Amino acid sequence: MSWIEVETKIPFKKKDLSSVRDRIKKIAKFVKKQTKKDDYYTLEYFHYPEKSLRVRDMGKVREVNFKKRISFVDGIHAKKEVQFQISDIKGFFDLIQDFGFRKWLHKEKTTELYKTKSGVNIELNHVKKLGLFLELEVLCSMKEINNARKKIKEVREALGFGEKDSEARGYTKQLWALNHK
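Criteria and cut-off values
Sequence order as written defines residue numbering, which begins from 1 separately in each chain. In keeping with the predicted nature of the model, local features appear solely for residues at pLDDT of at least 70, side-chain atom pairs appear and are counted solely at 80 or more, and the whole-chain, interface and lining totals rest on all residues. Computation of side-chain values: all heavy atoms of the structure, hydrogens and water removed. Only DSSP runs of H or I covering at least 4 residues are called helices, and only runs of E covering at least 2 are called strands; the numbering of each starts at the N terminus. Polar contacts, as used here, are pairs of N or O atoms within 3.5 Å; protein pairs need one atom able to donate a hydrogen and one able to accept it. Residues neighboring in sequence count only if both atoms are side-chain atoms. Note on definitions: a residue-residue contact is assigned when non-hydrogen atoms from the two residues lie within 4.5 Å. When a carboxyl oxygen of Asp or Glu lies within 4 Å of a side-chain nitrogen of Lys or Arg, that pair is called a salt bridge. The buried label applies to any residue whose accessible area, calculated with a 1.4 Å probe on protein chains only, is under 20% of its type's maximum; exposed applies above 50%, and partly exposed to all values in between. Helix span, expected: 1.5 Å multiplied by one less than the number of residues in the helix. Here the arc refers to the directions that run from the helix axis out to each C-beta atom.

Peer 1: Any chance you could explain the side chain of Asn-125 here in plain terms?
Peer 2: Positionally, Asn-125 belongs in strand E7 (residues 121-127). In terms of polar contacts, Asn-125 uses its side chain to reach the side chain of Thr-111, at 2.7 Å. Within polar-contact distance, the side chain of Asn-125 engages the side chain of Tyr-171 at 3.1 Å. Excluding residues within four positions of it along the chain, Asn-125 makes contact with Lys-109, Thr-110, Thr-111, Gly-131, Leu-132, Phe-133, Glu-135 and Tyr-171.

Right, here's the structure in full:
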């Protein structure tokens, strides 16, 4: 399955967690809490890669994900995202290793997911080694990107944040920077 992911990430301090959560609960409904364990694989080993695959461990099934950057406007990313599940993980790893892919990064995050009436997913994320982030996301078609950006801006402002609060770098780029100081 493929779609466009429109999102922004906002880092915040642990001391602000209760306040941020309270603001979210005023505009969105709690959906679930989960832990996501992701391994990233690439063909590029010696620098931050232009392309990589994410494999998310979901127990008996794994989810493979690939994202391609489209734009970054007003502190909000738009990326083409392709995602599918695989049940034969050993076969999948044999295949990508034969093509030369190698694991280059591991990421773990605990997520509290909320959803607004307008369809914006709000995640309160604790990313291991990076800290706390507020993530606002809409999945849409290519023709709906501008509308998705508008919804995200509205929610971001309703939560008391602006463009200047958004983090331009994704989690993998931040983790890579930590590991390669």
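Peer 1: Hey, could you run me through the pattern of salt bridges in this one?
Peer 2: When the charged atoms of two side chains lie near each other, side chains of opposite charge can form a pair. Evaluation of the coordinates by the stated rule reveals 19 salt bridges. Lys-103 is paired through a salt bridge with Asp-39; the nearest N and O atoms lie 3.4 Å apart. Here Lys-103, found in strand E6 (residues 102-116), pairs with Asp-39, found in strand E2 (residues 28-42); they are 64 residues apart in sequence, far enough to count as distant. In this structure Lys-103 comes out as partly exposed when scored by relative accessible area, which is 44%. Look at Asp-39 and you get buried, because its relative accessible area is 18%. With its nearest N and O atoms 4.0 Å apart, the salt bridge here joins Arg-56 to Glu-63. With respect to burial, Arg-56 and Glu-63 carry one shared label: buried. Taken together, the shared-partner salt bridges in this structure form one network comprising Asp-38, Arg-54, Arg-56, Glu-63 and Lys-107.

Peer 1: Help me out: how do you make sense of unusual backbone geometry in this one?
Peer 2: Backbone geometry follows two general trends: most residues other than glycine have a negative phi, and most peptide bonds adopt the trans configuration. For Asp-74, which is not glycine, the phi dihedral falls at a positive 55 degrees. Position of Asp-74 among the secondary structure elements: in the loop between strand E4 (61-73) and strand E5 (76-86). Residue Asp-74 is classed as partly exposed on the basis of its relative accessible area, which comes to 28%.

Peer 1: I tried to follow helix H3 (residues 145-158) on my own but got confused; where do I start?
Peer 2: An α-helical turn contains 3.6 residues, so any two residues separated by three or four positions project in the same direction. When the terminal C-alpha atoms of H3 are compared, their 20 Å separation across 14 residues agrees well with the 20 Å that a helix rising 1.5 Å per residue should span. Among the residues making up H3, those that are buried are Ile-145, Ala-148, Arg-149, Ile-152, Val-155 and Arg-156. Looking straight down H3, one finds its buried side chains confined to an arc of 130 degrees; they lie on one side. H3 presents Asn-146 and Glu-157 as exposed residues on the side facing more than 90 degrees away from its buried surface. Downstream of H3 by one or two residues, Gly-160 has phi in the positive range, about 90 degrees.

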